[in-house]
Amino acid sequence: MTTLEIDGLTKSYGTVKALQDVSFDVPGGELFGFVGSNGAGKTTTMRIILGVLRADAGVVRWNGAPVDLGVRRSIGYMPEERGLYPRMKVGEQLVYLARLHGLSAADATAAMEHWTEVLGVAERRDDAVEKLSLGNQQRVQLASALVHGPDILVLDEPFSGLDPVAVGVMSDVLRGQADKGVPVIFSSHQLELVERLCDRVGIVKSGRLVASGAIDDLRATDTLAWTLAASGVGLPDAPPGVSVAPDGDGRWRVEAESADAAQAFLASAVSTATVTEFSPVRPSLTDLFRDVVSETEEVA
Amino acid sequence: MLWLIAHREFRTRTLSKANIISSAIMIVLIVGAAVILKPILSSDDEAAVVQVDPATAELVPYLEGVAAAQELDYVIEEAEVVVPGADGEMPEGVTAMIAGTATAPELYLGGGDGTLVGLVDDATRALALETEVTALGGDPAAVSGALDAAVPTVVMVGDSDDFDSGTFFAGLVVIVMLFIILIQSASVIMMGVVEEKSSRVVEILLATVRPATLLGGKVLGVGMYALVQAASMVGPIIFAAWYLDLFATLNLEAGPLLVKFGVWFLLGFAVFIVFFGGLAALVSRQEDIGAVTTPMMLLMMVPLYLAIYLVPSNPDGTVTQVLTQIPFFAPFMVPMRSAFGAITTAETLLAVTICLVTIPLLTWVAGRVYAGAVLNTGGRMKLADALKRG
């Protein structure tokens, strides 16, 4: 199984500790969401993975061996600060970048044609990058990360500044890459998107990885709670082991000791009122993030 | 990889509109200047016509004799001279007219040709001398033979390869061209480095290639560009020199000059451009380039001016000899000193060797500065910090 391991990364800028012992794994085929406040250390981590920055301590491994230049050349990277030659033509630029990653001229051209087609910028191949709208520049930037057929994808804020259509295209592409067995790490502040797209997430705060795991695991809570929405005559009294509290107009929060107790209560509620919704209450990623981050500081 | 980077750099620079236009203007200016200068410089070639009145015809052989002895080219024709008024005009195509008598000729000059005055003067004296020698019963031929033989033998003592305005001029052309091309290449590589930094594309590039490879590719690419630049300058200049017959006039040989230019172009380029490339990485924005490069530009002006002003007055003094061996000075000092013939082969070889040894060292330092500074954004970075991080 192919796995990207981030092991104990530590990095300081002068007296500022940018990263402290950050470790996580991303197996092939997984979408890993990397979230955290501004300045938490996401970009630093990604730059270290790419070898653009050197870590003070810690190591990045790919399939068990430390990542070297050869592996790095097989990484698709989208830096936070977008970077392309502004005056170079889109097609020429993608071919150049693909060739820098080791593709032959013919393969590079074919890959450029494929990705500009998929990302919807095919008709802009002969335009200079600076002539494109920001959204299209972003698509070209993604194409530049994909054009050499990477084994690993590391994308810093790939969704920022995209319209909903482009977000859809980008999501599909990332999912498609993961389905091909590529580990995909991306950072984002759009938590709903991360929640929807990712298999696992890592939350960083002040240079530390404070939570990481499958989203469902992170969202699991000790107390079982449901939201119930109903209209009609009224709700039955809560049986033992179940507590019901109003939660807005026609809505209630139901807490139960067990799922069975909750089911029993639901059955009796259906018989006395018209139940329109009965769903488990779980903290969203946004709630989790807010909890984690606000333990000591505010969301930046 | 290196080649890909160099190739892109070369293409972008050479095929840029600004470059094509400026090169074209340069070529047109040099060739145009040659074409315009040609008639001015070669107007002397057409022999001036001097009309001699039959009354003074006796002077003609003397005029021709003196002209031949002094290697002057005049067409002397006998014609009825109509003396022009003081504010009148000379007939078309005639430079001067001689009237009066053979012993007291009157010279009418249409332009400020002072040589002719001397020529007529000499001819008249020769005629007068011969007349007097004959009158005294002597042999004019023997007298003039004796006069011709009375020439001192001149022996030059000391350095025979003394100052020669022709080679000085050639040396000047070589180092000034070197300077222009180095300045041009330096600004090109700095713009290239800072462009990659400010557009942040460098981050993608560095994820694929090592900083030293990136810098090396850029230097190579800009080097090829500079070679094309140099060719587009040297080509027309050689053409102009050939067209104007300057090589013969100044007693120069194109081959050694080109070799000299070539060698010091390569060495000077490596020494300066590698370093400029590294330094440019210290800044993040085009407008900050000046802060780092002004000192470097000044550093280049110093050897240029020293070569121009110090070498002629003191071609083999101690200071000059020491400066010749310093890599940043050598590309300017050596061509200039060799123009004066004031440099030994050993000195030249030593200077070349020192440059060759310094280049890898400089490349290493520049690569370190580049690696340390190229991802730094925002303000200007200190050199020491860049070296530490690199």
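The numbering scheme is per chain: residues are counted from 1 as the chain's sequence reads. Here every chain gets a letter starting at A, and every ligand a number starting at 1, in the order they are written. Local features are withheld for residues below a pLDDT of 70 in this predicted model, meaning they are given only at 70 or higher, and side-chain atom pairs are given and counted only at 80 or more; totals for whole chains, interfaces and linings count all residues. Excluding hydrogens and water, the side-chain figures rest on all heavy atoms present in the structure.

### Topic: the overall build of chain A
As a reminder, the rule being used: Runs of E in the DSSP output that reach at least two residues are strands. Runs of H or I that reach at least four are helices, and both are numbered from the N terminus. Each residue is assigned to one of three classes by its accessible area relative to the maximum for its type, calculated with a 1.4 Å probe on protein chains only: buried under 20%, partly exposed between the two thresholds, exposed over 50%. Every residue pair with non-hydrogen atoms within 4.5 Å of one another is taken to be in contact. Note that accessible areas follow from Shrake-Rupley with a 1.4 Å probe, and for residues the cover is restricted to the protein chains shown. Residues counted as positive are Lys and Arg, residues counted as negative are Asp and Glu, and His and the chain ends are not counted. For the purpose of locating charges, the reference atoms are NZ of Lys, CZ of Arg, CG of Asp and CD of Glu.
Along chain A, the regular secondary structure elements total ten helices and 14 strands. If you line up chain A on its principal axes, its C-alpha atoms span 75 × 45 × 35 Å. Within chain A, buried positions represent 48% of all 300 residues. Across chain A, the fraction of contacts at a sequence separation of at least 24, relative to all contacts at a separation of at least 6, is 69%. Carbon and sulfur atoms form 49% of the exposed surface of chain A, whose accessible area is close to 13,500 Å². Chain A carries 27 positive and 41 negative side-chain charges, and their two centres are separated by 9 Å.

### Some remarks on the overall build of chain B
The criterion, for reference: C-alpha atoms define the radius of gyration, and 2.2 Å times the number of residues to the power 0.38 defines the globule rule.
Secondary structure assignment for chain B yields 15 helices and four strands. Here the C-alpha atoms of chain B give a radius of gyration of 31 Å, more than 25% beyond the 21 Å that 2.2 N^0.38 yields for 390 residues. With the principal axes as the frame, chain B shows a C-alpha extent of 100 × 45 × 30 Å. With 390 residues in all, chain B has 44% of them scored as buried. Surface accessibility of chain B: about 19,400 Å² in total, with carbon and sulfur atoms responsible for 65%. In chain B, 18 positive and 37 negative side-chain charges are present, and the distance between their average locations comes to 41 Å.

### Focus on helix H5 (residues 134-146) of chain A
Residue and element names in this part refer to chain A. Put simply, the test is: One less than the residue count of a helix, multiplied by 1.5 Å, gives the span that helix is expected to have.
In a regular helix each residue adds 1.5 Å, so 13 residues correspond to 18 Å; H5 covers 19 Å between its end C-alpha atoms and thus fits that length. With ten of 13 residues buried, H5 is to be regarded as a mostly interior element. Buried residues of H5: Asn136, Gln138, Arg139, Val140, Gln141, Leu142, Ala143, Ser144, Ala145 and Leu146, and no others.

### A short note on the interface of chain B and chain A
To keep things clear, this is the line we draw: For this document, the term salt bridge refers to a Lys or Arg side-chain nitrogen within 4 Å of an Asp or Glu carboxyl oxygen. Under this definition, polar contacts are N or O atom pairs within 3.5 Å; protein pairs additionally need one hydrogen-donor-capable and one acceptor-capable atom, and for neighbouring residues in sequence, both atoms have to be side-chain atoms. Any residue outside Ala, Val, Leu, Ile, Met, Phe, Trp, Tyr, Cys, Pro, Asp, Glu, Lys and Arg is labelled polar, Gly included; the first ten of those are nonpolar and the last four are charged.
With 21 residues of chain B at the contact, the number on the chain A side is 24 residues. On inspection of chain B and its partner chain A, the count reaches one salt bridge. Close ionic contact of Arg47(A) with Glu203(B) constitutes a salt bridge, the shortest N to O distance being 2.9 Å. For the pair chain B and chain A, the number of links is four residue pairs in polar contact (both at pLDDT 80 or more). Tallying contributions element by element places helix H7 (residues 201-206) of chain B first for the side of chain B that touches chain A, with five residues. A class-by-class count of the residues in the side of chain B that touches chain A yields ten nonpolar, three polar and eight charged.

### A word on the pattern of salt bridges
All chains considered together, the criterion is met by 18 salt bridges over all chains. For Arg253(A), the salt bridge goes to Glu255(A), with nearest N and O atoms at 3.0 Å. Judged by relative accessible area, Arg253(A) falls into the partly exposed class, the value being 32%. Between Lys218(B) and Glu196(B) there is a salt bridge whose closest N-O contact spans 2.8 Å. Within this pair, whereas Lys218(B) is found in helix H8 (residues 211-243), its partner Glu196(B) is found in helix H6 (residues 165-198), the two being separated by 22 residues in sequence. According to the relative accessible area criterion, Lys218(B) is buried, its value standing at 0%. One salt-bridge network, in which partners are shared between bridges, spans Arg8(B), Glu9(B), Arg13(B), Glu195(B), Glu196(B) and Lys218(B).

### A short note on the side chain of Glu9(B)
Residue and element names in this part refer to chain B. Take Glu9: it is sitting in helix H1 (residues 2-14). Looking at Glu9, the relative accessible area reads 1%, which means it is buried. In this structure, Glu9 is in contact with Gly192, Glu196, Lys218, Gly221 and Val222, ignoring residues within four places of it in sequence.

### Here we look at the domain arrangement of chain A
In plain terms, the rule: Note that domain bounds follow an automatic or database assignment of domains.
Each domain of chain A was delimited in the assignment, giving domain 1 (3-215) and domain 2 (222-280). Centre-to-centre, using C-alpha coordinates, domain 1 of chain A lies 44 Å away from domain 2 of chain A.

### Structural notes on the side chain of Asp53(B)
Residues and elements named next belong to chain B. One can find Asp53 in the loop between strand E1 (48-52) and helix H3 (60-69). Summary of buried charges: Asp53 has no salt-bridge partner, and the nearest side chain of opposite charge, Arg125, is 22 Å away. Excluding its chain neighbours within four sequence positions, the residues that come into contact with Asp53 are Ala79, Glu80, Val81, Ile98 and Ala99.

### A look at the sheet that holds strand E11 (residues 224-232) of chain A
Residue and element names in this part refer to chain A. Quick note on the threshold: Pairing between strands requires that DSSP locate at least two bridges from one strand to the other. Angles here are taken between N-to-C directions and fall from 0 to 180 degrees, while the axes themselves are lines fitted to C-alpha atoms, restricted in helices to the stretch in contact.
Pairing is antiparallel across the open sheet formed by four strands, whose spatial order is E12-E13-E11-E14. For this open sheet the edge positions go to strand E12 (242-246) and strand E14 (273-280), each flanked by a neighbour on one side alone. Neighbouring strand axes in the sheet, compared pairwise and without regard to direction, differ in orientation by 25° on average. For E11 and E14, the ladder comprises seven bridges, and the chain directions are antiparallel. The residue of E14 that forms the bridge with Ala229 is Glu277.

### Observations regarding the environment of Val154(A)
Residues and elements named next belong to chain A. Relative to the helices and strands, Val154 resides in strand E7 (residues 152-155). Sequence separation between Val154 and Gly76 is 78 residues, and the spatial gap between their C-alpha atoms is 6.1 Å. Once residues within four sequence positions are removed from consideration, Val154 is found in contact with Met46, Ile49, Leu50, Ile75, Gly76, Tyr77, Met78 and Ile185.

### Things to note about the sheet that holds strand E2 (residues 16-27) of chain A
Strands in a sheet are paired, the pairing made by backbone hydrogen bonds, and the direction either parallel or antiparallel. Residue and element names in this part refer to chain A. On the basis of which strands lie adjacent, the open sheet formed by four strands has the order E2-E1-E4-E5 and antiparallel pairing. The sheet terminates laterally at E2 and strand E5 (65-66), the two strands that pair on one side only. Of the strand pairs in this sheet, strand E1 (residues 3-13) and strand E4 (residues 57-62) are connected by five bridges, and their pairing is antiparallel. Each residue of the ladder has a partner; that of Glu5, found in E4, is Arg61. Its contacts with the sheet put helix H1 (residues 42-49) on E1, E2 and E4, and the angle it makes with E1 is roughly 120°.

### Observations concerning the environment of Asp126(A)
Residues and elements named next belong to chain A. Relative to the helices and strands, Asp126 resides in the loop between helix H4 (105-118) and H5. Here Asp126 falls in the exposed class, since its relative accessible area comes to 62%. Taking the C-alpha atoms as reference points, Asp126 and Val165, 39 residues apart in sequence, are found 23 Å from one another.

### Regarding the packing of aromatic side chains
The following threshold applies: Put simply, two rings from Phe, Tyr or Trp (the six-membered ring, in Trp's case) pair if the centres are within 6.5 Å, and we call them stacked under 30 degrees between planes, edge-to-face over 60, tilted for the rest. By definition here, charges over rings are those cases where NZ of Lys or CZ of Arg is within 6 Å of the ring centre and within 35 degrees of the ring normal.
All chains considered together, the criterion is met by 14 aromatic pairs over all chains. On the basis of an interplanar angle of 70° and a centroid distance of 5.4 Å, the ring pair of Phe159(A) and Phe186(A) is categorised as edge-to-face. Taken together, the positions of Phe159(A) in the loop between E7 and helix H6 (164-179) and Phe186(A) in strand E8 (residues 184-187) put the pair 27 residues apart, joining distant regions of the chain. Ring centres 5.9 Å apart and planes at 10° place the aromatic pair Trp226(A) and Phe278(A) in the stacked group. Of this pair, Trp226(A) sits in strand E11 while Phe278(A) is found in strand E14, placing the two residues 52 residues apart along the sequence. Taken together, Phe179(B), Phe272(B), Phe275(B), Phe328(B) and Phe332(B) form an aromatic cluster joined through their ring pairs. Residue placement shows Arg8(B) over the ring face of Tyr85(A); its charged tip is 3.6 Å from the ring centre. Seen from the ring of Tyr96(A), Arg8(B) lies directly overhead, with NZ or CZ sitting 5.6 Å from the centre.

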